[in-house]
Number of protein chains: 2
Amino acid sequence: MAIIVQKYGGTSVGSLSRIEAVAENIITTVRQGHQVVVVLSAMAGETNRLLAMARQLDATPASRELDMLLSSGEQVSISLLAIALVQRGISAISLLAHQVGIQTDNRFGAARIQSIDTKRLTQALSQEQVIVVAGFQGQDVEHNVTTLGRGGSDTSAVALAVALKAAEAQIFTDVDGVYSADPRIVEKAQRIASLSFDEMLVMASLGAKVLQNRAVEYAFRHQMPIRVLSSFSQGEGTLVLPKSQALAESQSNNPVSSVVHDQQQALICLTDVADNAVSSIFDCLEKANVELDMVQLVGESSLAKQLLFTLNRDKLEYARNALQEITMFNKFGTIRSRESVAKISAVGIGLNSHTKVVGKIVALLASAEIDIELISTSEISCSVVIDETNLVQAAQILHSGFGLDSSN
Amino acid sequence: MAIIVQKYGGTSVGSLSRIEAVAENIITTVRQGHQVVVVLSAMAGETNRLLAMARQLDATPASRELDMLLSSGEQVSISLLAIALVQRGISAISLLAHQVGIQTDNRFGAARIQSIDTKRLTQALSQEQVIVVAGFQGQDVEHNVTTLGRGGSDTSAVALAVALKAAEAQIFTDVDGVYSADPRIVEKAQRIASLSFDEMLVMASLGAKVLQNRAVEYAFRHQMPIRVLSSFSQGEGTLVLPKSQALAESQSNNPVSSVVHDQQQALICLTDVADNAVSSIFDCLEKANVELDMVQLVGESSLAKQLLFTLNRDKLEYARNALQEITMFNKFGTIRSRESVAKISAVGIGLNSHTKVVGKIVALLASAEIDIELISTSEISCSVVIDETNLVQAAQILHSGFGLDSSN
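Just so it is clear, the model here is predicted, and its values are computed rather than measured. (Residues numbered from 1 in each chain as written. Chains lettered and ligands numbered in written order. Predicted model: local features only at pLDDT ≥ 70, side-chain atom pairs only at ≥ 80, totals over all residues. Heavy atoms only, no water.)

Peer 1: Looking at this structure, how should I read the overall build of chain A?
Peer 2: When helices and strands are tallied, chain A shows 14 helices and 18 strands. For chain A, the spread of C-alpha atoms along the three principal axes comes to 75 × 55 × 35 Å. When each of the 408 residues of chain A is scored for burial, the buried share is 57%. Taking all contacts inside chain A whose residues are at least 6 apart in sequence as the whole, residues at least 24 apart take part in 75%. Surface summary for chain A: the accessible area is close to 17500 Å², and the carbon and sulfur share equals 47%. (Helix = DSSP H or I, 4+ residues; strand = E, 2+ residues; numbered from the N terminus. Buried < 20%, exposed > 50% of the residue type's maximum accessible area, 1.4 Å probe, protein only. Contact = heavy atoms within 4.5 Å. Areas by Shrake-Rupley, 256 points an atom, 1.4 Å probe, with all protein chains shown as cover.)

Peer 1: When you look at the environment of Asp262 of chain B in this model, what are you seeing that I'm missing?
Peer 2: Residue and element names in this part refer to chain B. As for its position among the elements, Asp262 is in strand 13 (residues 258-273). On the basis of relative accessibility, which here comes to 19%, the residue Asp262 falls in the buried class. Asp262 sits 101 residues away from Ala161 along the chain, and the two C-alpha atoms are 31 Å apart. Contacts of Asp262, omitting those with residues within four sequence positions, involve Leu206, Ala342 and Lys343. Within the structure, Asp262 has its side chain in polar contact with the side chain of Gln265 (distance 3.3 Å). (Polar contact = N/O pair within 3.5 Å; in protein donor to acceptor, adjacent residues only side chain to side chain.)

Peer 1: Looking at this structure, how should I read the packing of helix 1 (residues 16-31) of chain A against helix 4 (residues 72-87) of chain A?
Peer 2: Packed helix pairs are specified by the crossing angle of their axes together with the interaxial distance, meaning the distance between the axes. Residues and elements named next belong to chain A. At a closest axis distance of 9 Å, the pairing of helix 1 and helix 4 adopts a crossing angle of 60°. By the angle class used here, helix 1 and helix 4 are oblique. Remark: the crossing between helix 1 and helix 4 carries right-handed chirality. Residue-level inspection shows Leu16, Ile19, Val22, Ala23, Ile26 and Ile27 of helix 1 in contact with helix 4, the latter providing Leu80, Leu81, Ala84 and Leu85. Broken down by class, the residue content of the contact of helix 1 with helix 4 amounts to ten nonpolar, no polar and no charged. (Axes fitted to C-alpha atoms, helices over the stretch in contact; angles between N-to-C directions. Parallel < 35°, antiparallel > 145°, perpendicular 65-115°, else oblique. Left-handed = near helix turned anticlockwise from the far one by under 90°. Nonpolar A, V, L, I, M, F, W, Y, C, P; charged D, E, K, R; others polar.)

Peer 1: Could you clarify how one ought to interpret the UniProt feature "domain: Aspartate/glutamate/uridylate kinase" (unreviewed entry) in chain A in this entry?
Peer 2: Here the UniProt-annotated "domain: Aspartate/glutamate/uridylate kinase" (unreviewed entry) positions come out as residues 3-230 of chain A. Between the C-alpha atoms that bound residues 3-230 of chain A there is a distance of 20 Å. The span itself is 42% helix and 21% strand. (UniProt positions renumbered as here; feature names shortened; annotations may be inferred.)

Peer 1: Sorry if this is basic, but what is going on with the relation of the copies chain A and chain B here?
Peer 2: The relation between the two copies of this chain is a rotation about an axis and a shift parallel to it. The two copies are related by a screw motion: chain A maps onto chain B through a turn of 180° and a shift of 0.1 Å along the axis, at an RMSD of 0.2 Å. On the angle and the small slide along the axis, the relation comes out as a two-fold axis. Proximity to the rotation axis, assessed at the C-alpha, singles out Ser72 of chain A in chain A; its C-alpha lies 2.7 Å from the axis. A share of 100% of the interface residues of chain A reappears at the interface of chain B, consistent with the copies meeting face to face through the same patch. (Least-squares fit on C-alpha atoms with pLDDT ≥ 70 in both.)

Peer 1: Looking at this structure, I do not really get the domain arrangement of chain A. What am I missing?
Peer 2: Interface size is commonly expressed as the accessible area that is lost once the parts come together. Residue and element names in this part refer to chain A. Each domain of chain A was delimited in the assignment, giving domain 1 (3-250) and domain 2 (259-401). Each of domain 1 and domain 2 has a C-alpha centre, and these two points are 35 Å apart. The interface of domain 1 with domain 2 comprises 20 residues on the first partner and 18 residues on the second. Buried area between domain 1 and domain 2, both sides added, is near 1400 Å², and the carbon and sulfur share of it is 70%. Among the residues domain 1 hides against domain 2, the three largest losses belong to Ile185, Glu199 and Leu206. Together they make up 44% of the total. Between the two partners, domain 1 and domain 2, sit zero salt bridges. Put simply, domain 1 and domain 2 have four residue pairs in polar contact (both at pLDDT 80 or more) between them. Residue assignment for the side of domain 1 that touches domain 2 shows that the elements contributing at least two residues are helix 8 (197-205) and helix 10 (243-249). Here the side of domain 1 that touches domain 2 takes five residues from helix 8, the largest share from any one element. (Domains from an automatic or database assignment. Buried area = accessible area lost by both parts, 1.4 Å probe. Salt bridge = Lys/Arg side-chain N within 4 Å of Asp/Glu carboxyl O.)

Peer 1: In this structure, what is going on with the interface of chain A and chain B? I would like to understand it.
Peer 2: Every contact between the two is made by 41 residues of chain A and, on the other side, 41 residues of chain B. When chain A packs against chain B, close to 3400 Å² is buried across both sides, 64% of that on carbon and sulfur atoms. Counting the contacts that link chain A with chain B gives zero salt bridges. Along the contact surface separating chain A from chain B lie 15 residue pairs in polar contact (both at pLDDT 80 or more). Elements with a minimum of two residues in the side of chain A that touches chain B: helix 1, helix 2 (46-57), helix 3 (63-70), helix 4, strand 3 (92-95) and helix 5 (97-100) of chain A. Looking at the side of chain A that touches chain B element by element, the count peaks at eleven residues for helix 4 of chain A.

Peer 1: Honestly, the side chain of Lys7 of chain B in this entry has me stumped. Any pointers?
Peer 2: Within the secondary structure, Lys7 of chain B is located in strand 1 (residues 3-8). Sequence-distant contacts of Lys7 of chain B, defined by excluding residues within four places in its chain, comprise Val39, Ser41, Ser153, Asp154, Ala157, Gln170, Ile171 and Phe172 of chain B.

Peer 1: What's the story with the layout of surface pockets in this structure? I'm lost.
Peer 2: Where empty space is left can be seen by rolling a probe of water-molecule size over the atoms. Residue and element names in this part refer to chain A. Computed from the structure, the largest pocket encloses a volume of approximately 1300 Å³. Around the largest pocket, the lining is made up of 48 residues, and of these Thr173, Lys209, Val210, Leu211 and Gln212 lie nearest the centre. Taken together, the elements giving at least two residues each to the lining of the largest pocket come down to helix 2, helix 7 (152-163), strand 9 (168-173), helix 8 and strand 13 (258-273). Counting residues domain by domain, the lining of the largest pocket receives three or more from each of domain 1 (3-250) and domain 2 (259-401). (1 Å grid on protein atoms, 1.4 Å probe; cavity = no way out; pocket = protein on both sides within 12 Å on 5 of 7 lines; lining within 4 Å. Points joined across faces, edges and corners; volume = space filled by probe spheres on them.)

Peer 1: Before we go on, may I ask you to explain helix 7 of chain A in this structure?
Peer 2: Helical periodicity: at 3.6 residues per turn, an α-helix aligns residues three or four positions apart in one direction. Residues and elements named next belong to chain A. The first and last C-alpha atoms of helix 7 sit 16 Å apart over twelve residues, in line with the 16 Å expected at 1.5 Å per residue. Among the twelve residues of helix 7, eleven are classified as buried, and the element is accordingly described as predominantly covered. For helix 7, the complete set of buried residues consists of Gly152, Ser153, Asp154, Thr155, Ser156, Ala157, Val158, Ala159, Leu160, Ala161 and Val162. (Expected span 1.5 Å × (residues − 1).)

Peer 1: Help me understand the sheet that holds strand 1 of chain B in this model?
Peer 2: Note on sheets: strands pair through backbone hydrogen bonds, and any given pair is parallel or antiparallel. Residue and element names in this part refer to chain B. Read from one edge of the open sheet, eight strands run 3-6-2-1-9-11-12-10, paired in mixed fashion. The open sheet terminates on both sides in strands that have one partner only, identified here as strand 3 (92-95) and strand 10 (194-196). Between one strand axis and the next, the sheet turns by 20° as a mean value, whatever way the strands run. The sheet contact formed by strand 3 and strand 6 (residues 130-134) spans four bridges and is parallel. Along strand 6, the bridge assignment pairs Ser94 with Val132. Relative to the sheet, helix 7 (residues 152-163) contacts strand 1, strand 2 (35-40), strand 6, strand 9 (168-173) and strand 11 (226-230), its axis offset from that of strand 1 by approximately 175°. (Pairing = 2+ DSSP bridges.)

Peer 1: Please explain the pattern of salt bridges as it appears in this structure.
Peer 2: Side-chain pairs of opposite charge can arise whenever the charged atoms involved come near each other. Per the counting criterion, the structure on display carries 26 salt bridges over all chains. Between Asp154 of chain A and Lys7 of chain A there is a salt bridge, and its shortest N-O distance comes to 2.8 Å. Placement of the pair is Asp154 of chain A in helix 7 and Lys7 of chain A in strand 1 (residues 3-8), with a sequence separation of 147 residues. The exposure classification of Asp154 of chain A matches that of Lys7 of chain A, with both residues buried. Between Arg107 of chain B and Asp105 of chain B there is a salt bridge, with its nearest N and O atoms 2.9 Å apart. Here Arg107 of chain B falls in the partly exposed class, since its relative accessible area comes to 48%. One salt-bridge network, in which partners are shared between bridges, spans Glu20, Glu24 and Arg88 of chain A.

Peer 1: I tried to follow the sheet that holds strand 13 of chain B on my own but got confused; where do I start?
Peer 2: All names here are of chain B. In spatial order, the strands read 14-15-13-16-18-17; together these six strands make up an open sheet with antiparallel pairing. Pairing within the sheet leaves two strands with one partner each, and these edge strands are strand 14 (292-298) and strand 17 (374-378). This sheet shows a mean twist of 25° between the axes of neighbouring strands, independent of strand direction. As defined by bridge partners, strand 16 (residues 335-347) adjoins strand 18 (residues 381-387) across seven bridges and the pair is classed as antiparallel. Counterpart to Ala342 in the pairing with strand 18 is Ile386. Packing of helix 11 (residues 278-287) onto the sheet brings it into contact with strand 13, strand 14 and strand 15 (305-312), and relative to strand 14 it is tilted by some 160°.

Peer 1: Whenever I open this one, the side chain of Gln103 of chain A confuses me. Can you help?
Peer 2: Residue and element names in this part refer to chain A. When you line up the elements, Gln103 lands in strand 4 (residues 102-104). Classification of Gln103 as buried rests on a relative accessible area of 19%. A polar contact is formed between the side chain of Gln103 and the backbone oxygen of Gln139, at a distance of 3.4 Å. Leaving out residues up to four positions away in the same chain, Gln103 has contacts with Arg112, Ile113, Gln114, Ser115, Gln139, Asp140 and Val141.

Okay, structure coming up:
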């Protein structure tokens, strides 16, 4: 018998019949002999509905009050689930953050969990109750309601699992695990049985949206395994583990575990950039709230290099305008920008011991005559920027080239 | 400068534009130099929407969880109002029952307020904040969310007014005060400027639905004035006061202050009832959950009296069935029942020193040839049961006969 924390997202509790399905799922886990703590998001659409009302009253609603408002969504879902469980003869209790004692700082809308008082939780567990906790919310030292930011329920679940020394935090979502590539563009993508926190974090930063990053970081720091599961189908899901365990679990020597893409990229290329102009160019972009992604400075002359960087496509206009404003200072020669580029990355904990991977990526893409605009490597990933029109082909070539294709 | 508690009901905050109107109303009170504590109900329709969801999951939802669910409605309205106030440059803060420290017993769905910790409230008031408190809710000693029952927000407002030693509790609703009769049937009914708690309680028990009875009782016990006001129009409303103050405020010597009616009555008449059979008849009705209203036992023989009583019309069938079941025990002769009777009452604190009032009621109705089925008097009221078809005429005759008609 182990303590299992199960988190169900908004679509998983999006209707009364979905809530009943979740109740059945929990009962199955209880029947397996586990003690279950459930964390819920608000019913799908509810947070947006509340937010829209607040914004009709004030375009920038008071942040403390907005947290008070939004946290009501989870209160509805947890009490409905508890009602459904009790109706099925299961002893269940719903608890809000303040009742659990989920203490956070007071950054409304983006609060961080500081501590969890497990007294009431362990008391309820000892009475064999299923506990249904409101995700996404906490309270600060003055008992104000706080929220953890979008997707914060994942973090609530991981933090509760850590506090209760649970066996694992199970994140139920609408996909049945983490995939070796986005199945929408790589048909032969397959579910990854297990991977490391490091890979999960890098995959998320490179464009794979499965778990909230902060939740993975929290689990990483406390070495709490996360399992990604579908609430719509049966299966083992994907287990996210500490690196040592992930390496031990892995059945292959494949240095690459997944191919991740980000379609929302744009590229800017500045010519004739002097070394001592780079920092003022970056300052100017920072002031315009433009975050740079990949950056490359090429050329031999310290007075006339080529500066290439990628950024989120939504920010391209802001970046161009900001750069236009400083042309008079002769920080660079010409601007060239491309709106339709994509980033494609190979990720794997085996990557850093296999420098050959970079060469292989270049070779694989060259064989299909796909031009690489930019290349960048980190400890466990290698990313290239290509034209968006080549994205699907490139993803399939890399996925196949690194032996990730499923056999069926 | 005084502390004013203002309570706004569901229709008063039924839409975003209504919430904005309430914000403006509060600002007017603040500009008058008052410290304002606001108590809100859930937006109109919300409690019913939540209840319907719960009942789809379980016809009799777990009471603790139902309270958790329903209390979310007030959380939404208070945070939206606080957002609207802050948007208008007013320092405002919304607070839930557990944040205020509204302690109740643990009768879920019908909890009673036991104490209020004013620490946070006085702190916020000293910072010149408008406080927006969730009505209808409390917490028990184990920090479970409780609710006070339908209309409980009135009680929340009165209890807060008492705890804060406020000048008065203002109950904003969709009528502009308490009327001398229901204006829908007595055209010349007029707003009563002030009346006593006693009158208000009796009026409510006789069918006038303006304030929640428990709220009036609470105010009565603590001698806290309540003012009934419209949130849709300006005006002085009706002030509900201790008897001595009400008598001092009253500008007339009229023993009757209002005419109240209850259209939902039915009448049962049993013949040949022996004195010693009465208690078993009442026991049988109690077991069937039938509450009796007016009761009369007439006749001289101790073996064959006539037992007349009124009851809520919805319960007539239950009562008839229950009585049918005991016919075999010869507790009575025949049953006669009438479904379409109405109760009409004259209420006033001057009534008990004017026994002539009863005679006047009989004479007024007799002059219009309206038969009286039953008559009953209490300290400050006199009620008669008549045929429902005569209700409007009787109400107008009594209202006029006791000099209550408005001159315009």
